[in-house]
Amino acid sequence: MQDRAFAAALRLCGENPVTLPSGLVLLSRRIAGVPLLMLPRATPPPDLHVQLRQAGLHRRPLILSPETPCALPRALRIGASQQMWQLDLEVTPEVCRAALHQKWRHQLVQAERGPLRIRQRPLTPDHPLLPVEEAQSRTRRYRNWPRALTAAFAQVAPGQTQIFTALMRGHEVAHMLFLTHGSRATYHIGHTTAAGRATHAHNLLLWEASLWLASKGITRLDLGRSTPEKTGLERFKARTGARRVTTGGTWLRWNPLAQGHVP
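Here is what the cut-offs are and how they apply
All residue numbers refer to positions counted from 1 along the written sequence of the respective chain. For this predicted model, a pLDDT threshold of at least 70 governs which residues receive local features, and a threshold of 80 or more governs which side-chain atom pairs are given and counted, while totals over whole chains, interfaces and linings are taken from all residues. Only hydrogens and water are set aside when side-chain values are computed; all heavy atoms of the structure are taken into account. Put simply, DSSP H or I for four residues or longer makes a helix, DSSP E for two residues or longer makes a strand, and each gets a number counted from the N terminus. Radius of gyration means the value over C-alpha atoms here, while the globule rule gives 2.2 Å times the residue count to the 0.38 power. Residue contacts are counted whenever heavy atoms from the two residues lie within 4.5 Å of one another. Throughout, the Shrake-Rupley method with a 1.4 Å probe supplies accessible areas, and for residues the shown protein chains are the sole cover considered. As used throughout, the charge tally considers Lys and Arg to be positive and Asp and Glu to be negative, leaving His and the chain termini uncounted. For the purpose of locating charges, the reference atoms are NZ of Lys, CZ of Arg, CG of Asp and CD of Glu. Any two strands with at least two DSSP bridges between them are considered paired. With axes taken as lines fitted to C-alpha atoms, and helix axes fitted only over the stretch in contact, angles between N-to-C directions fall between 0 and 180 degrees. The classification of residues rests on relative accessible area computed with a 1.4 Å probe and restricted to protein chains. Under 20% of the type maximum is buried, over 50% is exposed, and intermediate values are partly exposed. What qualifies as a polar contact is a pair of N or O atoms within 3.5 Å, subject to a donor-acceptor requirement within protein and to the restriction that residues adjacent in sequence count only when both atoms come from side chains. Two rings from Phe, Tyr or Trp (for Trp, the six-membered ring) form a pair when their centres sit within 6.5 Å of each other. Planes less than 30 degrees apart are called stacked, planes more than 60 degrees apart edge-to-face, and all others tilted. Should the NZ of a Lys or the CZ of an Arg lie within 6 Å of a ring centre and within 35 degrees of the ring normal, that charge is described as sitting over the ring.

Peer 1: Is there a simple way to think about the overall build of the protein chain in this case?
Peer 2: A count of helices and strands for the protein chain gives nine helices and 13 strands. A compact globule built from 263 residues would reach a C-alpha radius of gyration of about 18 Å, and the protein chain, at 20 Å, matches this within 12%. In terms of principal-axis extent, the alpha carbons of the protein chain reach across some 65 × 35 × 35 Å. For the protein chain, the share of sequence-separated contacts (at least 6 apart) that also reach a separation of at least 24 residues comes to 70%. Per element, the accessible surface of the protein chain, about 14000 Å² overall, is 53% carbon and sulfur. With 35 positive and 16 negative side-chain charges, the protein chain shows a spacing of 6 Å between the two charge centroids.

Structure below.
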């Protein structure tokens with residue numbers, strides 16, 4: 001969410017993010033009619049107040065959600081930390097494969113020996129996966145980016161989107177979409193069919209995607225939030241050899257009487 005492509009995609013969707021002199025991206029929101037700013041997935045720099053003042057935004061309520069725990073003076077915690085799954089791609093394929101859970105590795109071997117073929121290409125803004133994901137999120141009641149935002153990201157930065165598709169006898173049976181940002185990548189959307197589940201297509205897709213991303217200099221793959229519920233998706237992520245990392249929580253910082261000094 002701090003990548004330039006994300007800000008460009010928001011602008012394409014009619015939003016008005018603010019880019020500070022340091023390159024940090026602030027989001028503008030209204031909650032109960034109150035305008036506020038959000039600094040997502042970033043550690044606030046020591047001169048944040050100075051940058052906000054230069055932009056005329058130093059008196060706005062500011063929501064902070066640092067990626068990792070850090071000191072946030074004069075800020076009020078309003079949300080708990082979360083745990084995220086992260087996969088290290090700086091190790092060799094042999095080390096990565098050895099770190100797989102036995103069941104996950106067995107499913108991968110089955111998929112490799114099966115009838116699946118993997119296709120990879122950049123995401124197009126009109127890809128049929130996007131409406132499928134939109135319907136899937138409504139049915140399963142989870143939140144992801146709006147369909148228009150993912151399409152806008154693909155439009156402004158096609159090279160930062162990679163969709164891996166599993167085909168069986170020419171038919172698409174599963175997809176996994178990854179977004180890249182600097183030396184990192186994020187697993188963004190996944191979808192499978194009954195045939196994809198039966199052939200363990202997502203194991204093969206994630207494995208092939210990890211190898212390709214590592215070959216392009218990507219060092220870490222974010223697999224999304226870890227949940228207390230032992231769902232199939234949670235077990236899938238846990239068995240990849242990924243590790244849990246803790247975010248810095250959500251905080252509110254507001255000084256409506258702020259002048260030029262750092263609070």
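Peer 1: Even after reading the chapter, I still don't get the sheet that holds strand S11 (residues 220-225), so can you show me in this structure?
Peer 2: Across a sheet, strands are paired by hydrogen bonds formed along the backbone, either parallel or antiparallel in direction. On the basis of which strands lie adjacent, the open sheet formed by seven strands has the order S7-S8-S9-S10-S11-S6-S12 and mixed pairing. At either margin of the open sheet sits one strand with a lone partner, and together these are strand S7 (116-121) and strand S12 (243-246). Pairs of neighbouring strands in the sheet enclose a mean axial angle of 30 degrees, with direction left out of account. Relative to strand S9 (residues 171-181), strand S8 (residues 161-168) runs antiparallel, the two being bridged by eight bridges. Along S9, the bridge assignment pairs Ala166 with Ala174. Along the sheet, helix H5 (residues 129-140) makes contact with S8, S9 and strand S10 (184-192), crossing S10 at roughly 75 degrees.

Peer 1: So what exactly am I meant to see when it comes to helix H1 (residues 4-12) here?
Peer 2: The periodicity of an α-helix, 3.6 residues per turn, causes residues three or four places apart in sequence to face the same way. If you check which residues of H1 are buried, you get Ala5, Phe6, Ala7, Ala9 and Leu10. Packed against the buried residues of H1 are strand S2 (25-31) and helix H6 (147-156). For H1, the capping residue at the N-terminal end is Asp3, with a side-chain oxygen 2.8 Å from the backbone nitrogen of Ala5. Two residues or fewer after H1 comes Gly14, characterised by a positive phi angle close to 95 degrees.

Peer 1: Help me understand the packing of aromatic side chains in this model?
Peer 2: Ring pairs (aromatic) are described by centroid distance and by the angle formed between their planes. In total, this model carries six aromatic pairs according to the counting rule given. Ring plane angle 45 degrees and centroid distance 5.2 Å describe the contact between Phe6 and Trp145, whose orientation is recorded as tilted. Here the residue Phe6 occupies a position in helix H1, and Trp145 occupies one in the loop between H5 and H6, the gap between them amounting to 139 residues. Residue Phe6 is classed as buried on the basis of its relative accessible area of 4%. A relative accessible area of 23% means that Trp145 is categorised as partly exposed. Measuring from ring centre to ring centre gives 5.9 Å for Phe178 and Tyr187, while their planes differ by 50 degrees; the resulting arrangement is tilted. Residues Phe178 and Tyr187 agree in their burial class; the two are buried. Taken together, the ring pairs connect Phe164, Phe178, Tyr187 and Trp212 into an aromatic cluster. In this structure, Arg97 packs its charged tip against the face of Trp207, placed 5.2 Å from the ring centre.

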